[in-house]
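Overview (structure and organization)
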Amino acid sequence: MKRGSNWFFLAIAGLAGFYLITTMITNPAALLQQAAILVITIAIIYLVFRYFMKRKMGSDYSSYSKAVKQSKRTANEKTYSSSPSKTVTPIKKYVKRKPFKKKSSSHLTVIEGKKGKKKNRALF
C-alpha cells in the first residue's frame, strides 16, 4: 500500500513540474497571474480564519492579552527603576552558611544479588 501511494504522489509531482515548465515557456504572464491569485487567496483565508478564531476566543483571549500587556509594562518599569541611585547602601557582612549535606534518597533500595556466586557452566 505504501509503495503504491509513493508512485502516485511522484506521478502527481512530475505532472505538476511538467505543467510548470511548459507554462513558463509558453505563457509566463499567466504563471505569474496564477501565483498572485494563489497568494491572495491564501492571505484572505488566513485573515478570515484569524478573525473568527479571535472572536471565538472571546473574553478569555482579551483578558489574557491585557495581562500580557500589563506584565510587559511592569517589566519595563522595573528596568527603568533599577538604575543606579546616588545613595550608597551599606555593605552587609556575609553570614557563614552551613555546608550543604546530601540527603539520602529514601525511595531507593538495594537489592542483594548473586554477584559473588559463580555460575555452573558446562563450557568455559
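Cut-offs used in this document
Residues numbered from 1 in each chain as written. Predicted model: local features only at pLDDT ≥ 70, side-chain atom pairs only at ≥ 80, totals over all residues. Heavy atoms only, no water. Helix = DSSP H or I, 4+ residues; strand = E, 2+ residues; numbered from the N terminus. Buried < 20%, exposed > 50% of the residue type's maximum accessible area, 1.4 Å probe, protein only. Areas by Shrake-Rupley, 256 points an atom, 1.4 Å probe, with all protein chains shown as cover. UniProt positions renumbered as here; feature names shortened; annotations may be inferred. Patch = residues over 30% accessible without salt bridge, like charges linked within 9 Å, V, L, I, M, F, W, Y side chains within 5 Å. Salt bridge = Lys/Arg side-chain N within 4 Å of Asp/Glu carboxyl O. Lys, Arg positive; Asp, Glu negative; His and termini not counted. Charge placed at Lys NZ, Arg CZ, Asp CG, Glu CD. Phe/Tyr/Trp six-rings, centres within 6.5 Å; stacked < 30°, edge-to-face > 60°. Contact = heavy atoms within 4.5 Å.

Time to look at the overall build of the protein chain. Helix and strand counts for the protein chain come out as two helices and zero strands. Here the protein chain, with 124 residues, has 2% of them falling under the buried criterion. When the accessible area of the protein chain is evaluated, it comes to approximately 13,800 Å², of which 65% is carbon and sulfur surface.

This paragraph deals with the UniProt feature "transmembrane region" (unreviewed entry) in the protein chain. Within the UniProt annotation, "transmembrane region" (unreviewed entry) is assigned to residues 7-25 and 31-49. The span residues 7-25 is 100% helix and 0% strand, and its two end C-alpha atoms sit 27 Å from each other. Note that residues 31-49 is 100% helix and 0% strand, and that its end C-alpha atoms are spaced 27 Å apart.

Residues Arg 50, Lys 54, Lys 66, Lys 69 and Arg 73 make up a contiguous surface patch of positive charge. Checked against the element boundaries, Lys 54 lands in helix 2 (residues 28-81).

What follows concerns the packing of aromatic side chains. Aromatic ring pairs are reported here in terms of the distance separating the ring centres and the angle at which the planes meet. Under the criterion given, the structure shown has two aromatic pairs. Pairing Phe 8 with Phe 9 gives two aromatic rings, centres 5.6 Å apart and planes at 65°, and the pair type is edge-to-face. The exposure classification of Phe 8 matches that of Phe 9, with both residues exposed. Where Tyr 51 meets Phe 52, the ring centres are 5.5 Å apart and the plane angle is 65°; that geometry is what we call edge-to-face. By relative accessible area, Phe 52 is classed as partly exposed at 46%.

A few words on the side chain of Thr 23. Within the element layout of this structure, Thr 23 appears in helix 1 (residues 2-26). By relative accessible area, Thr 23 is classed as buried at 8%. Ignoring any residue separated from it by four or fewer positions in sequence, one finds Thr 23 in contact with Pro 28 and Leu 31.

Before going further, it helps to spend a moment on a nonpolar patch on the surface. On the surface, a cluster of nonpolar side chains totalling about 510 Å² of accessible area is made up of Ile 40, Ile 44, Val 48, Tyr 51 and Phe 52. Mapped onto the elements of the fold, Val 48 is located in helix 2. For Val 48, a relative accessible area of 41% gives the class partly exposed.

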